[in-house]
Amino acid sequence: MTPAAKKTTAPARRPAARTTAAKAPRRSAVKAPRTLNEFMALALAMETEAAARYAEFADAMEMHNNLEVAALFRKMADIEGRHAAQIMAEMGWKEPPAMPPGKATWEGFEAPETTPGDEVHYLMQPWHALQLALQNEERAERFFGRLARAATVATVKKAARELEAEEREHVDLVKAWLKKVPKPDSDWANDPDPPSYTD
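Residues numbered from 1 in each chain as written. Predicted model: local features only at pLDDT ≥ 70, side-chain atom pairs only at ≥ 80, totals over all residues. Heavy atoms only, no water.

We now examine the overall build of the protein chain. Each helix and strand in the protein chain was counted, giving five helices and zero strands. Counted from the first residue to the last, the protein chain has its helices and strands arranged as α-α-α-α-α. Among the 199 residues that make up the protein chain, the fraction classed as buried is 47%. Nonlocal contacts in the protein chain, meaning residues at least 24 apart in sequence, comprise 84% of its contacts between residues at least 6 apart. Surface accessibility of the protein chain: about 10,700 Å² in total, with carbon and sulfur atoms responsible for 55%. (Helix = DSSP H or I, 4+ residues; strand = E, 2+ residues; numbered from the N terminus. Buried < 20%, exposed > 50% of the residue type's maximum accessible area, 1.4 Å probe, protein only. Contact = heavy atoms within 4.5 Å. Areas by Shrake-Rupley, 256 points an atom, 1.4 Å probe, with all protein chains shown as cover.)

The structure is reproduced here in structure tokens:
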């Protein structure tokens, strides 16, 4: 079991059904990639990490027989995986390139499109999963916007603007999905038969 999957089994923590306003982004200075290759390697790393994390969550939800949310996470993993494949094809890469030297400039500890493992609860409902996806897409949109503003190389600026627009489309897509699912009742996390743990 992966570390993220282990965290999903903890019944005490509810996922943050926060609005994105409640989680203000950091405003640290952005160091834009110096070349298009560096920029696209960064974008590829984001998409790959997001796909892997969504797949971990899907596995964890299936383990808890939460099949509806598992299917939604699986769909998000597939979408992010296709984005990664698209970047690989556009750049003509057969293997993922090495990340640019130095630490990536994320807004937090995780890449912009990656949900921290402790944000997931085994009883969460599709509305919660979509809230997390919305936060991810909004962070990614902001991230590419910040890189576009900071970029001094025309090809990097153009690519960042294109990915910012793509992420904006994803934000709109997730918002449309959210309109189709009910908001959970306040007692959604109450489990009459909670899982027991043994060492």
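With that settled, the discussion passes to the nonpolar core. The biggest cluster of nonpolar side chains holds 24 residues, and the ones touching the most others in it are Met-61, Phe-73, Val-120 and Met-124. The biggest single contributor to this core is helix α3 (residues 67-91), with seven residues. In this structure, Trp-93, Phe-143, Leu-147 and Ala-159 belong to the second largest nonpolar core, which totals 23 residues. (Core = buried A, V, L, I, M, F, W, Y, C linked by side-chain atoms within 4.5 Å.)

This part takes up the confidence of the model for the protein chain. Mean pLDDT over the protein chain: 80, with 75% of residues reaching 70 or higher. Across residues 1-14 the pLDDT falls below 50, and counting only partners more than four positions away or on other chains, this stretch makes 37 contacts in the model. Across residues 16-28, where pLDDT falls below 50, the model places 19 contacts with residues more than four positions away in sequence or in other chains. (pLDDT = per-residue confidence, 0-100.)

Before going further, it helps to examine the side chain of Glu-167. Position of Glu-167 among the secondary structure elements: in helix α5 (residues 154-178). Within the buried set, Glu-167 has no salt-bridge partner at all; the shortest N-O distance to an opposite charge, 10 Å, is to Arg-168. Setting aside its immediate chain neighbours within four residues, Glu-167 contacts Glu-47, Glu-113, Glu-137, Ala-140, Glu-141 and Phe-144. (Lys, Arg positive; Asp, Glu negative; His and termini not counted. Salt bridge = Lys/Arg side-chain N within 4 Å of Asp/Glu carboxyl O.)

To continue, consider helix α4 (residues 126-150). Taking 1.5 Å as the rise per residue, α4 with 25 residues should run 36 Å; its terminal C-alpha atoms sit 36 Å apart, in good agreement. Most of α4 sits out of view: 22 of its 25 residues are buried. (Expected span 1.5 Å × (residues − 1).)

For Thr-35, the location among the structural elements is in the loop between α1 (3-8) and α2 (36-63). Using a relative accessible area of 35% as the deciding quantity, one classes Thr-35 as partly exposed. For the pair Thr-35 and Lys-157, spaced 122 residues apart in sequence, the C-alpha to C-alpha distance is 10.0 Å.

Another aspect to go through is the packing of α2 against α5. Interhelical geometry of α2 versus α5 gives an angle of 25° and a closest axis separation of 9 Å. Relative to α5, α2 is oriented roughly parallel. Crossing angle aside, the handedness with which α2 passes α5 is right-handed. Contacts between α2 and α5 pair Leu-36, Phe-39, Met-40, Ala-43 and Glu-47 from the former with Thr-155, Val-156, Ala-159, Ala-160, Leu-163 and Glu-167 from the latter. (Axes fitted to C-alpha atoms, helices over the stretch in contact; angles between N-to-C directions. Parallel < 35°, antiparallel > 145°, perpendicular 65-115°, else oblique. Left-handed = near helix turned anticlockwise from the far one by under 90°.)

Take the environment of Arg-74 next. Relative to the elements of secondary structure, Arg-74 occurs in helix α3. The spatial distance from the C-alpha of Arg-74 to the C-alpha of Phe-57 is 8.2 Å, given a sequence separation of 17 residues. Sequence-distant contacts of Arg-74, defined by excluding residues within four places in its chain, comprise Ala-55, Ala-58, Asp-59 and Glu-62.

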